[in-house]
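# Breakdown of the fold
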Amino acid sequence: GENVEQHPSTLSVQEGDSAVIKCTYSDSASNYFPWYKQELGKRPQLIIDIRSNVGEKKDQRIAVTLNKTAKHFSLHITETQPEDSAVYFCAASMPKSSGDKLTFGTGTRLAVRP
Amino acid sequence: DTGVSQNPRHKITKRGQNVTFRCDPISEHNRLYWYRQTLGQGPEFLTYFQNEAQLEKSRLLSDRFSAERPKGSFSTLEIQRTEQGDSAMYLCASSFWDSNSPLHFGNGTRLTVT
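Residues numbered from 1 in each chain as written. Chains lettered and ligands numbered in written order. Predicted model: local features only at pLDDT ≥ 70, side-chain atom pairs only at ≥ 80, totals over all residues. Heavy atoms only, no water.

What follows covers the pattern of salt bridges. Applying the stated rule across the entire model yields seven salt bridges over all chains. Taking the shortest distance from any N to any O, the salt bridge between Glu39(A) and Lys37(A) comes out at 3.9 Å. Overall, Glu39(A) belongs to the partly exposed group, its relative accessible area being 33%. Residue class for Lys37(A) comes out buried when judged on its relative accessible area of 16%. We note a salt bridge from Arg61(A) to Asp84(A), for which the minimum N-O separation is 2.9 Å. Of the two residues, Arg61(A) is situated in the loop between strand S6 (56-59) and strand S7 (62-67) and Asp84(A) in the loop between strand S8 (72-77) and strand S9 (86-92); the sequence distance between them amounts to 23 residues. Each of Arg64(B), Glu83(B) and Asp86(B) takes part in one network of salt bridges that share partners. (Salt bridge = Lys/Arg side-chain N within 4 Å of Asp/Glu carboxyl O. Buried < 20%, exposed > 50% of the residue type's maximum accessible area, 1.4 Å probe, protein only. Helix = DSSP H or I, 4+ residues; strand = E, 2+ residues; numbered from the N terminus.)

The next thing to look at is the packing of aromatic side chains. Throughout the structure, instances matching the rule amount to 15 aromatic pairs over all chains. Between Tyr25(A) and Phe33(A), the ring centres sit 4.7 Å apart and the planes meet at 45°, which makes this aromatic pair tilted. Aromatic side chains Tyr36(A) and Phe105(B) sit 5.4 Å apart centroid to centroid with 85° between the ring planes, which places their arrangement in the edge-to-face category. Here Phe105(B) lies in strand S10 (residues 104-105) and Tyr36(A) lies in strand S4 (residues 32-38), a pairing that spans two chains. Taking relative accessible area as the criterion, Tyr36(A) reaches 1% and is therefore assigned buried. Assessed through its relative accessible area of 2%, Phe105(B) is described here as buried. Here Lys101(A) stacks its cationic end above the ring of Phe45(B), 5.6 Å away from the centre of that ring. Its end group placed over the ring of Phe74(B), Arg22(B) keeps NZ or CZ at 3.9 Å from the ring centre. (Phe/Tyr/Trp six-rings, centres within 6.5 Å; stacked < 30°, edge-to-face > 60°. Lys NZ or Arg CZ within 6 Å of the ring centre and 35° of its normal.)

Below is the structure:
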């Protein structure tokens, strides 16, 4: 089955700096790569996603890049703010016709220092 | 709130007891998923339904676990003869069938087995 690895496990940045989280996946059939933000005691919330026919996607301060050849994708947060502090999870899944369960990474705890 | 709703939010039970959790998905979503999340880890897939049909079960779902979605709307997850290792957050998520539909998670049920 699919295996997703995520790095780093913790990340501390100064407010205003950029943060980058990287993930690799094992199954070349995977074609959907979402990123979720989870605050303490709350539900995972989708912040951005990308599909395999796209190399990069941006939404305000958040961007995701995908390299299908290397099987890795990354989350970039620019101009970080204290409210960005949370645990971020990457995930991968295959097409829905093949059974589309998400396989998650182990998470990155991001701390933004004011 | 028209999001995914889970009840109860917290459940404390003694080892050996049975517990049942309920999930009400977003009303127009026909896919429903159960995940388990332990401290410091990403959510792990347990099972999913399309309408009332249970399409896939993870190897994590031992024979003590059973999930149902009798009318293709709400779902229940029952754990029989609970063990301390069952202590975790149980997350429900829902989505449309189509390939562009992301997963929306509920707030979860936190189970503590003493």
